[in-house]
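As a plain string of letters, each chain reads:
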There are 2 protein chains.
Amino acid sequence: MNPTIQDVAKAANVSIATVSRVLNNQPGFSQKTKQRVLQTIEELGYQPNAIARGLVNRNSGTIGVLFPSVSGLLSSEVLHGIEARANEEGYSVIVCNTAADHEKTLRYIQLLSEKRVDGLVFVSEEVDEEYYKAFQRMGVPVVLVLTQSYKYPLPYVKVDDSHAAYTATSYLIDSGHKRIGMLSGNPNDLLAGRTRIEGFKRALLEAELPYSESLVENQNSFTYEDGINSLPRLLERHPEITGIFAASDEIAIGAISAAYKLGIRIPEDISIIGYDNLKLSEMSIPPLTTIAQPFQRMGEKAIEMVLTIKNDKQAESSVMPHHLVERESVKKIK
Amino acid sequence: MNPTIQDVAKAANVSIATVSRVLNNQPGFSQKTKQRVLQTIEELGYQPNAIARGLVNRNSGTIGVLFPSVSGLLSSEVLHGIEARANEEGYSVIVCNTAADHEKTLRYIQLLSEKRVDGLVFVSEEVDEEYYKAFQRMGVPVVLVLTQSYKYPLPYVKVDDSHAAYTATSYLIDSGHKRIGMLSGNPNDLLAGRTRIEGFKRALLEAELPYSESLVENQNSFTYEDGINSLPRLLERHPEITGIFAASDEIAIGAISAAYKLGIRIPEDISIIGYDNLKLSEMSIPPLTTIAQPFQRMGEKAIEMVLTIKNDKQAESSVMPHHLVERESVKKIK
DNA sequence: CTGAAAGCGCTAACAT
DNA sequence: ATGTTAGCGCTTTCAG
């Protein structure tokens, strides 16, 4: 059995209150007793029981994080930032893989609520009414990452998707491309789908370049496979295209693979710009030019916001800056 | 304030013991009272406090996981398996990023110990004496993943690295290659480094093919950059090489990129086989033939072992099967 | 500067 | 079938 504060008190000939005081560095003990207590703690190998502490202090020192997929290239970078910042602030993080499943998500929220986590970070998923109600019942700070809610007043941290898509498309335009298409993800995804298409469209229109819906090839998701499948279709409809904006790096890499099989050279025949700047993107052939989202920083920021809300009951949403990473998948024309 | 079991008891006109009984499905209540209790629980929105429960039951319902890097492609797959299985078994997982730092690791172990986690999963790192002592003091099951300890009796789950390297090299040989080199990771890494070189050497020797130390190009690590840097050096020393075994997929992908820049075609000029079967490997051009490690399954297995040890105080280490994944980076000669 | 004692919310005897 | 009560290990008044 682990020694308790009682054992320490007894062995050091003081009361448990005194032990508690030196443990928490609260006023009310002499240097002498402090030494004695510290020493017997050492001797006994005493370790305070965080659970008992949590019961008294009504906090668990942990923050829950909900991902639709933990093994995603993207999630792991966000998680990295979350874990780092949380640890700095003295918190642990519990990860939960919701698999984008409604029931599972609800169960996880319930679980985290029972564990009395001090805050919640909700990544990449839309917040529906049930989730929101559960959040409210928990009464702890909740912050959204890579997503936002139009219905509920939940603070978020993300980039401006529309603007970022605009930046990507404009880069293609500035590089001299005039016939530009898009490999979209899921257009029904209001957050990552619709808005990126919007930005794409706006860039084209402002540059007085042709735009039509057929210029964007939609998919159900944002994966490598989606990229593989969608490139041929887009090119079949629009063989004149020289530049492509892919809604995710994975899609872009998939498109590059598909192009390779088709004997199309990147960037000589077709230029491609991605979105995300995953580690993946520098490993492709050719290295992928893309829009970087500061995933790690976003994770850190989310924790900072959770903690701010916990203290101040208020925190503003944060729209993080994206930036262009020029590599070799886009050719400058003339 | 969250309602407590007291509130429920009062509102339902029963004692807290009764509420506790229906909550834990222990014998000793009528259907009638059960209904009543359940209903008032519903009405009050009562959620049991897992911290209080933990204090009484002396368990936290959580398992700690230590990674040298959470954002690694590999870690995230292991984590996926860990999280899934842990959740099925009613446990949560706390992730810790040690950054392979000694002090940090020690602090994390201490922290998890204070949080009274019910078990520990230790991934990809060597266990030194201080770690081991800390494990012992904790008195909870510890299982190693993708690593093992020669000094301490800690159960592990991994593949047979030497054998897997042998398999990879043999595949090259069976494909008709006679001049084969290796892009090793860190040879001072006893676990992932040394053993893979061994397997490589053994395969060559058994096939009566030339082997010398200069045939293996060492690096400090197993990254993409290492692959980029090491390919040219190996080829400079041994321009006759037609087949290469890379000690990790990342190294392999790096080598492919380097080859591309050098105008060397894969697999026409040189064949490459990797090690890991990360998602990455199917996205490369050409898709990478590699040795698959069942990362997800390993994560699951680790949790199963932790739980087994918790109950039976015994669990055997598990050497998981690896297997070859044939894709397009190796050419069959003649 | 130090100790006694009252909880934190719950489980598990032990009564009834 | 149900209630009473003693903790689990700790923090925090409140007294001295």
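Parameters at a glance
Residues numbered from 1 in each chain as written. Chains lettered and ligands numbered in written order. Predicted model: local features only at pLDDT ≥ 70, side-chain atom pairs only at ≥ 80, totals over all residues. Heavy atoms only, no water. Least-squares fit on C-alpha atoms with pLDDT ≥ 70 in both. Contact = heavy atoms within 4.5 Å. Axes fitted to C-alpha atoms, helices over the stretch in contact; angles between N-to-C directions. Helix = DSSP H or I, 4+ residues; strand = E, 2+ residues; numbered from the N terminus. Parallel < 35°, antiparallel > 145°, perpendicular 65-115°, else oblique. Left-handed = near helix turned anticlockwise from the far one by under 90°. Nonpolar A, V, L, I, M, F, W, Y, C, P; charged D, E, K, R; others polar. Salt bridge = Lys/Arg side-chain N within 4 Å of Asp/Glu carboxyl O. Buried < 20%, exposed > 50% of the residue type's maximum accessible area, 1.4 Å probe, protein only.

Chain A has the name LacI family DNA-binding transcriptional regulator in an unreviewed UniProt entry, where Pontibacillus salicampi is given as its organism.

## Some points on the relation of the copies chain A and chain B
Note on the identical chains: chain A maps onto chain B by a rotation of 180° and an axial translation of 0.0 Å, with an RMSD of 0.1 Å. Put plainly, the chains are arranged around a two-fold axis. Minimal C-alpha distance to the rotation axis in chain A is attained by A:Ile94, lying at 2.2 Å. Interface overlap between copies is the fraction of interface residues in one copy that are interface residues in the other; for chain A against chain B it reaches 100%, indicating a shared surface.

## Some words on the packing of helix α5 (residues 73–88) of chain A against helix α13 (residues 295–312) of chain A
Residue and element names in this part refer to chain A. Following both chains from N to C, one finds α5 and α13 inclined at 45°, their axes separated by 7 Å at the closest point. Considered as vectors, α5 and α13 are oriented oblique to each other. Crossing handedness for the pair α5 and α13: right-handed. Contacts between α5 and α13 pair Leu-74, Glu-77, Val-78, His-80, Gly-81, Ile-82, Arg-85 and Ala-86 from the former with Phe-295, Gln-296, Gly-299, Glu-300, Ile-303 and Glu-304 from the latter. Residue classes in the contact of α5 with α13 are distributed as six nonpolar, four polar and four charged.

## Points about the pattern of salt bridges
In total, this model carries 24 salt bridges over all chains according to the counting rule given. Measuring nitrogen to oxygen at the nearest pair gives 3.4 Å for the salt bridge that ties A:Glu129 to A:Lys133. Of this pair, A:Glu129 and A:Lys133 both sit in helix α7 (residues 129–138), four residues apart, roughly one helical turn. Its salt-bridge partner being B:Arg297, residue B:Glu300 comes within 3.4 Å of it at the nearest N-O pair. Placement of the pair is B:Glu300 and B:Arg297 together in helix α13 (residues 295–312), with a separation of three residues, close to one helical turn. Under the relative-accessibility criterion, B:Arg297 is labelled partly exposed at 33%. Overlapping salt bridges bring together A:Arg85, A:Glu88, A:Glu89, A:Arg297, A:Glu300 and A:Glu304 as one network.

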